[in-house]
Amino acid sequence: MARILSVFLALFLAFAAVAAPVETRQLGNLQCNIDRFKIVTGLVETGSALKKIDTTNPDTATAVAAAQTGLTTVGDAIKDIALALVTGKAAPTDARTQVSQGLNDTRSALEGITDATVTASVASAQTLVQGLIDDGNGVIADCK
Ligand SMILES: *[C@@H]1O[C@H](CO)[C@@H](O)[C@H](O)[C@H]1NC(C)=O
């Protein structure tokens with residue numbers, strides 16, 4: 001997961017560097033690119049926050065696995081969007097839905113954890129997921 005995310009990061013940096021001369025509408029303005037960058041870094045942070053949740057309790061383990069699957073969905077969709085951007089193609093229309101769906105799945109999975117011994121680490125992950133949702137809304141608002 002970390003390796004794949006560093007690929008996204010490289011892609012984002014690459015397209016940020018070539019942003020000016022290429023088609024500005026799809027590549028977006030500065031705020032749009034900051035929002036995108038925050039999503040990529042937020043994904044990495046959320047992934048490591050999930051790893052910090054103690055999964056001794058099998059129900060917690062199942063929920064954390066579901067949360068990780070949701071994040072993977074988000075990462076795959078963002079990779080599709082980033083590849084479209086760097087290759088000058090239209091971003092796939094269902095990729096944004098996939099990002100939203102993946103974030104919702106991650107949020108629901110974390111909400112389902114009832115193990116009181118992991119409340120603090122779950123709360124940290126939830127804060128990061130909410131941050132990703134906010135950044136996603138920022139992308140929709142700023143990347144026109
Ligand atoms: C994710 O949840 C938000 C808010 O609850 C909702 O507006 C959005 O449609 C959901 N996304 C998907 C893909 O279901």
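Predicted model, so just to flag it, every value in this text is computed and none were measured.

Sorry, what's going on with the site of the ligand here?
Contacts to the ligand come from T97, S100, Q101, N104 and R107. Within the contact set of the ligand, a nitrogen atom lies 2.7 Å away from a side-chain nitrogen or oxygen of S100. Within the side chain of R107, one N or O atom sits 3.5 Å away from an oxygen atom of the ligand. Protein contacts shield 41% of the accessible area of the ligand, which totals 360 Å² for the unbound molecule. Residue composition of the shell around the ligand, grouped by class: no nonpolar, four polar and one charged.

Sorry if this is basic, but what is going on with the state of the cysteines here?
Put plainly, two cysteines are in a disulfide when a covalent bond ties their sulfur atoms together. Tallied over the entire structure, the rule returns one disulfide. Each sulfur in the disulfide pair C32 and C143 lies 2.1 Å from the other. Taking the torsion about the S-S bond as the criterion, the C32 to C143 disulfide, at about 105 degrees, is right-handed. One end of the pair, C32, is in helix α3 (residues 30-51); the other, C143, is in the segment after α6 (119-142), with 111 residues separating them in the sequence. Judged on exposure class, the residue C32 and its partner C143 are both buried.

Which parts of the structure should I look at to understand the pattern of salt bridges?
If charged atoms from side chains of opposite charge come close, those side chains can pair. A full pass over the atoms with the stated rule returns one salt bridge. Residues D135 and K38 are paired through a salt bridge, measuring 3.5 Å at the closest nitrogen-oxygen approach. With D135 in helix α6 and K38 in helix α3, this residue pair connects regions lying 97 residues apart in the sequence. Accessibility expressed as a relative area gives 12% for D135, which makes it buried. K38 sits in the partly exposed class, given a relative accessible area of 38%.

Definitions and cut-offs
Residues numbered from 1 in each chain as written. Predicted model: local features only at pLDDT ≥ 70, side-chain atom pairs only at ≥ 80, totals over all residues. Heavy atoms only, no water. Near = heavy atom within 4 Å. Polar contact = N/O pair within 3.5 Å; in protein donor to acceptor, adjacent residues only side chain to side chain. Areas by Shrake-Rupley, 256 points an atom, 1.4 Å probe, with all protein chains shown as cover. Nonpolar A, V, L, I, M, F, W, Y, C, P; charged D, E, K, R; others polar. Disulfide = S-S within 2.5 Å. Helix = DSSP H or I, 4+ residues; strand = E, 2+ residues; numbered from the N terminus. Buried < 20%, exposed > 50% of the residue type's maximum accessible area, 1.4 Å probe, protein only. Salt bridge = Lys/Arg side-chain N within 4 Å of Asp/Glu carboxyl O.

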